[in-house]
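Report on the structure
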Amino acid sequence: MKLLTNIRFYKVAGISQTLVSFANYIKQNTDQNVTLVGVDVVNDAIYKNSPKTTTVNERNFKLITLGVSFTEIGPAIKDSKTLCDIEQKMHPLIEAYEKIIKKEKPDVVLVNGTYYLPWCLYQAAKRQKIRTVLHYHGSLVKETENWDPKSKEIFRQMESSFDAKGIFYIFPSAFAKQSVEADIFGHTIKNVAVLPNPIPLHFFDAPQRKSKKRGKVGIVGRWARVKNPQFVERFAKYNARNGSSFSIESVSDIRKNSAHYKKMKDIVKFRHPIENEKLPSFYNKMDVILSPSHFETYGNVAQEAIASGTPALVSANMGVVETFKKFGLENWIVEFNSAAKVYKKISEVAGQTVSSETREEMRASLNPEIIHKQLLDTLRA
């Protein structure tokens, strides 16, 4: 079986980490009789010195870096009225994906996410009449709730266009599936599988924490509205008013010239995004990890922290809540509507640890070997 998928390398995006983990699984298991072709797009219009199409072969994984000159989505939406206008502006990108599909002749196109790059890959696969599987990560509608009306409507149309008979859907949680059915498609999805995101094994290799308070609160993720950075700001200010009982560290892509950074740089220690392999060490130094997102189809950070032995407090609007419930961690599902209440909860949780038994149970059911095999079996079917 030959798979072709869109791939990006971005340190604080869960979709990137999950897909890279899947690519590594394919490379390490040559007996699966599977070839994965990853297509990484570089915009020549922005990166003037970027290479044209290049290919790197590594065992049964091929990485194609695709140099294409196209209009970025922000300016494209500004000059468009409908999704059809966007499709016309993205024609060079869609056409480039088509050429790759014609050349590689995949059995299945695996579309990861719903943003404009995966959407363009889907358009190309549809034109070439290739079987398509959509691995649902994130939601354009949820991500753009605070955008201007025209942009929101175009993104709603973009996400809604994935509602098609010829697509098979994979969701990381039942919560994500139900949210898309209720808020995006407006009907029950039939051709579907639900597979949780795997946890890379290096998180389980972190040493078992001892029960002691370190006075540190960690936050990892993109600085985007859907991740609820407003709560992070409220909590940081509350913590400062209460004598800065906790030191707050955020691994994020926040820009230093942003208003948020300037307001918070004295009460939050911001760190640049780091490699996934280095995150267990970060988690292990924290008392607790906060995941206050307004919405997440899953939530890799929270389960990575748990796997590393560090408690994580999660919002109920996250797919990973299902994993927390499965392993008896309901007490760490909280509402992020009050900085004072979360502060009190952190004070209760600080010093606790995740039992070695829970970590072993998670390793047994959520390790990449198990989840990626299930994903391959689903794609074959």
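Heads up: these notes are all about the structure in this document.

Quick notes on the rules
- Residues numbered from 1 in each chain as written.
- Predicted model: local features only at pLDDT ≥ 70, side-chain atom pairs only at ≥ 80, totals over all residues.
- Heavy atoms only, no water.
- Helix = DSSP H or I, 4+ residues; strand = E, 2+ residues; numbered from the N terminus.
- Axes fitted to C-alpha atoms, helices over the stretch in contact; angles between N-to-C directions.
- Parallel < 35°, antiparallel > 145°, perpendicular 65-115°, else oblique.
- Contact = heavy atoms within 4.5 Å.
- Buried < 20%, exposed > 50% of the residue type's maximum accessible area, 1.4 Å probe, protein only.
- Pairing = 2+ DSSP bridges.
- Right-handed = clockwise from strand over helix to strand, strands pointing away.
- Phe/Tyr/Trp six-rings, centres within 6.5 Å; stacked < 30°, edge-to-face > 60°.
- Lys NZ or Arg CZ within 6 Å of the ring centre and 35° of its normal.
- Salt bridge = Lys/Arg side-chain N within 4 Å of Asp/Glu carboxyl O.

Considering the environment of Glu 357
Tracing the backbone shows Glu 357 in helix H15 (residues 356–366). For the pair formed by Glu 357 and Asp 287, sequence separation is 70 residues and the distance between their alpha carbons is 19 Å.

What to know about the packing of helix H12 (residues 300–307) against H15
At their nearest, the axes of H12 and H15 sit 9 Å apart, and the two run at 130° to each other. In terms of orientation, H12 and H15 fall into the oblique class. On H15, the residues touching Gln 303, Ile 306 and Ala 307 of H12 are Arg 359, Met 362 and Leu 366.

A look at the pairing of strand E9 (residues 216–220)
Burial of E9 is extensive: 4 of the 5 residues sit out of reach of the surface. Bridge count between E9 and strand E10 (residues 247–251): 5 bridges; the pairing is parallel. Note that in E10 the partner of Val 220 across the bridge is Val 251. In this fold, the crossover linking E9 to E10 by way of helix H9 (residues 229–241) has right-handed handedness.

Structural notes on the sheet that holds strand E11 (residues 269–271)
Read across the sheet, 6 strands follow the order E11-E10-E9-E12-E13-E14 without closing on themselves; strand pairing throughout is parallel. Because the sheet does not close on itself, it has two edges, and the strands there are E11 and strand E14 (333–334). Of the pairings in the sheet, the one linking strand E12 (residues 288–291) to strand E13 (residues 312–315) comprises 3 bridges and is parallel in character. Counted as the bridge partner of Ser 291 is Val 314 from E13.

Focus: the packing of aromatic side chains
For the structure on display, the rule yields 18 aromatic pairs. Ring centres 5.7 Å apart and planes at 80° place the aromatic pair Trp 223 and Phe 270 in the edge-to-face group. Of this pair, Trp 223 sits in the loop between E9 and H9 while Phe 270 sits in strand E11, and the two are 47 residues apart along the sequence. Residues Trp 223 and Phe 270 agree in their burial class; the two are buried. When the centroid spacing of 6.1 Å and the interplanar angle of 20° are considered together, the rings of Phe 231 and Phe 235 count as stacked. With Phe 231 and Phe 235 both in helix H9, this residue pair falls 4 residues apart, about one helical turn. We note that Phe 231, like Phe 235, is buried. Taken together through their ring pairs, the aromatic side chains of Phe 231, Phe 235, Tyr 238, Phe 246, Phe 336 and Tyr 343 make up a single cluster. The ring of Phe 295 carries the charged tip of Lys 142 above its face, separated from the ring centre by 5.3 Å.

Some details on the packing of H15 against helix H16 (residues 368–380)
Each pair of packed helices gets described by two things: the angle between the helix axes and the distance between those axes. Two elements in contact, H15 and H16, have axes separated by 5 Å at closest approach and are oriented at 25°. With respect to H16, the axis of H15 lies roughly parallel. Contacts between H15 and H16 involve Ala 364, Ser 365 and Leu 366 from the former and Pro 368, Ile 370 and Ile 371 from the latter.

A closer look at unusual backbone geometry
The phi dihedral of Lys 105 is positive, around 50°, even though this residue is not glycine. In this structure, Lys 105 sits in the loop between helix H4 (91–104) and strand E5 (108–112).

Focus: the pattern of salt bridges
Enumeration according to the criterion identifies 17 salt bridges in this entry. Between Asp 183 and Lys 142 there is a salt bridge, with the nearest N and O atoms lying 3.1 Å from each other. Taken together, the residues span a long stretch of sequence, with Asp 183 in helix H8 (residues 174–185) and Lys 142 in helix H6 (residues 140–143) at a distance of 41 residues. For Arg 225, the salt bridge identified is with Glu 145, shortest N-O distance 3.7 Å. With Arg 225 in the loop between E9 and H9 and Glu 145 in the loop between H6 and helix H7 (149–160), this residue pair connects regions lying 80 residues apart in the sequence. By relative accessible area, Arg 225 is classed as partly exposed at 30%.

Details of the environment of Asp 44
Within the secondary structure, Asp 44 sits in the loop between strand E2 (35–43) and strand E3 (54–58). Residues Asp 44 and Ser 69, spaced 25 residues apart in sequence, show a C-alpha to C-alpha distance of 4.5 Å.

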